[in-house]
Amino acid sequence: MDINSIKTPCYVCEEELLENNLKLLDYVQKESGAKIILALKGFAMWSTFPLVSKYLKGCTSSGLHEAKLAREEFCKYNPHAEVHTYSPAFKEEDIDEIARISDHIVFNAPNQLFKFKERVKEINPHAELSLRINPEVSSSPKDIYNPCGIYSRLGTTLANFDESVLEHVDGLNFHALCEQNVDALEEVLVAFEEKFSKYFKGLKYINFGGGHHITKKGYDVEKLIRLIKEFKAKYDVEVYLEPGEAVGWQTGFLIATVLDVFENGMSVAILDTSAEAHMPDTLAMPYRADVRGSGEAGEKKYTYRFGRNTCLAGDIMGDYSFDAPLKIGDKVIFEDQIHYTFVKNTTFNGIKLPSLAIYRKDGSLDVVKEFDYTDYRGRLS
Ligand SMILES: *Cc1c(COP(=O)(O)O)cnc(C)c1O
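Residues numbered from 1 in each chain as written. Predicted model: local features only at pLDDT ≥ 70, side-chain atom pairs only at ≥ 80, totals over all residues. Heavy atoms only, no water.

A. Quick peek at the overall build of the protein. In terms of helices and strands, the protein carries eleven helices and 17 strands. Against the 2.2 N^0.38 benchmark of 21 Å for 381 residues, the protein shows a C-alpha radius of gyration of 22 Å, consistent with a compact globule. If one aligns the C-alpha atoms of the protein with their principal axes, the spans along those axes are about 65 × 45 × 45 Å. Split by element, the accessible area of the protein, about 17,500 Å² in all, is 49% carbon and sulfur. Charged side chains of the protein number 45 positive and 58 negative; the gap between the two group centres comes to 1 Å. (Helix = DSSP H or I, 4+ residues; strand = E, 2+ residues; numbered from the N terminus. Rg over C-alpha atoms; globule rule 2.2 N^0.38 Å. Areas by Shrake-Rupley, 256 points an atom, 1.4 Å probe, with all protein chains shown as cover. Lys, Arg positive; Asp, Glu negative; His and termini not counted. Charge placed at Lys NZ, Arg CZ, Asp CG, Glu CD.)

B. Expanded view of the nonpolar core. Within the largest apolar cluster, 96 residues are counted, with the highest numbers of intra-cluster contacts made by L56, I206, F208, F231, F306 and F334. Residue contributions to this core reach at least three from each of two domains, namely domain 1 (3-11 + 252-337 + 345-376) and domain 2 (33-248). When residues no more than four places from it in sequence are discounted, the contact partners of F334 are F253, L254, L271, T273, M279, A289, D290, V291, F306, R308, M317 and Y320. Core analysis: the second largest hydrophobic core is formed by nine residues, C10, V12, F253 and Y359 among them. (Core = buried A, V, L, I, M, F, W, Y, C linked by side-chain atoms within 4.5 Å. Buried < 20%, exposed > 50% of the residue type's maximum accessible area, 1.4 Å probe, protein only. Domains from an automatic or database assignment. Contact = heavy atoms within 4.5 Å.)

C. Structural context of the environment of G293. With respect to the helices and strands, G293 occurs in the loop between α10 (281-284) and β13 (302-308). Apart from residues no more than four positions distant in its own chain, G293 is found in contact with K300, S321 and F322.

D. Spatial organisation of the site of the ligand. Taken together, A39, K41, R132, H175, G210, G211, E242, P243, G244, E245 and Y340 make up the full set of residues near the ligand. The side chain of K41 places a nitrogen or oxygen atom 2.7 Å from an oxygen atom of the ligand. Measuring from a nitrogen atom of the ligand, one finds a side-chain N or O atom of E242 at 2.7 Å. Against a free-state accessible area of 390 Å², the protein chains account for coverage of 88% of the ligand. Counted by class, the shell around the ligand contains three nonpolar, four polar and four charged residues. (Near = heavy atom within 4 Å. Polar contact = N/O pair within 3.5 Å; in protein donor to acceptor, adjacent residues only side chain to side chain. Nonpolar A, V, L, I, M, F, W, Y, C, P; charged D, E, K, R; others polar.)

E. Quick look at the pattern of salt bridges. Evaluation of the coordinates by the stated rule reveals 27 salt bridges. K7 serves as the salt-bridge partner of E370, at 3.9 Å between the closest nitrogen and oxygen. Residue E370 is located in the loop between β17 (365-369) and α11 (373-378), and its partner K7 is located in the segment before β1 (10-14); the two are separated by 363 residues in the primary sequence. With a relative accessible area of 49%, E370 lands in the partly exposed category. Look at K7 and you get exposed, because its relative accessible area is 58%. Put simply, E186 and K223 hold a salt bridge, and the shortest N to O gap is 2.8 Å. Of the two residues, E186 sits in helix α6 (residues 182-196) while K223 sits in helix α7 (residues 221-235), which places them 37 residues apart along the sequence. Its relative accessible area of 32% is what places E186 among the partly exposed residues. (Salt bridge = Lys/Arg side-chain N within 4 Å of Asp/Glu carboxyl O.)

F. Main features of the pairing of β17. Where strand β16 (residues 355-359) and β17 come together, four bridges link them in antiparallel fashion. Within β17, the residue paired with A357 across the bridge is V367. Once β16 ends, the chain turns through five residues before running back antiparallel as β17, passing G363 with a positive phi of about 90°. (Pairing = 2+ DSSP bridges.)

G. Region of the structure containing the environment of S32. By the secondary structure assignment, S32 is in helix α1 (residues 15-32). Residue classification places S32 among the buried positions, given a relative accessible area of 4%. Taking the C-alpha atoms as reference points, S32 and M279, 247 residues apart in sequence, are found 35 Å from one another. Residues contacting S32, with those up to four places away along its chain left out, are I225, I228, K229 and K232. At a separation of 3.0 Å, a polar atom in the side chain of S32 contacts the main-chain amide nitrogen of A34.

H. Expanded view of the packing of helix α3 (residues 64-74) against helix α4 (residues 92-101). In the contact formed by α3 and α4, the axes pass within 10 Å of each other and the chain directions differ by 25°. Between α3 and α4, the interaxial angle falls into the category roughly parallel. Viewed along their axes, α3 and α4 form a crossing whose handedness is left-handed. When α3 is examined against α4, the residues L64, A67, K68 and R71 are found in contact with a partner set consisting of D94, E97, I98 and I101. Among the residues making up the contact of α3 with α4, the classes are represented as four nonpolar, no polar and four charged. (Axes fitted to C-alpha atoms, helices over the stretch in contact; angles between N-to-C directions. Parallel < 35°, antiparallel > 145°, perpendicular 65-115°, else oblique. Left-handed = near helix turned anticlockwise from the far one by under 90°.)

Below you can see the structure in the form of structure tokens.
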């Protein structure tokens, strides 16, 4: 790949790496009998859907817009693909269209189910309904990403469970993990079964949510397969998984250019991208992206603080060191920037959105989307 010819900033998704992830997920499907659908929240680069839809069985969406994208851009390549739509609370003004384009509708609470179930069935008699359960167990590493934390709004706890929902639902969902290995799933399953397995009779499916870090090195794929097979055999239900991160995990990078370098107590480099607008998790988590060829501050000879091209003082990526001094015009590559990045981007400060590109298996680079001033203007009035 000719890195220097890429117009920055740009996210580059590597088709071969994406397909490797999809193949591993497909292996899990084939061996375990589970169906795996893509959580658009984490990865929604729809120009890759011709490839993604060859392996995954559909999409899970968090409301009308994601459901529409799934219906329009995923199902056209795979007419059997399923659209699952969940929302912490649906709105009257959206529910008709959601019902029309969704195969599965997942309600967050009995209130919501009772409010909308008739309307949904009227519009789409084939829609399958589910209730999201909060199993109240999670070892999620960060509170902001813990759906089962104290006072959580996400899902129905046993105390709030109403047995009369059972005659209306085809399945139950839970989502309790975040970037976790299979042992964390096992813990959640123990609690979930203890509290809710008495209600599984007659259900068609249980959806284990996302947060399974299946494509990360060291994930115990064989144990996952075993757990799913045991669960399916024990309760005679279909099992769904709906990962987002595991699909886009380590499938590409964000490339930026050094615009200026100077000294102010330490070396500062200004890049044509933004943590706030383009890599929000670096500020929210906080987490530090790996930069190709770099070390921790002080590890290599030349250390720089990476600041971004916005006027937010805290718009800083972190400190990185290099063997050689950085020069204006140098490219900087932030690794693993394909999941939970461009789906969250903003045009804060009028900064240009990074382009989206696919590095094809044949070695060509397809720039599938470029942004400009109209994207900034179009969101304001
Ligand atoms: C975010 C989310 C997912 C995907 O989670 P990942 O951590 O990206 O795998 C799946 N299901 C629900 C309900 C979610 O909110």
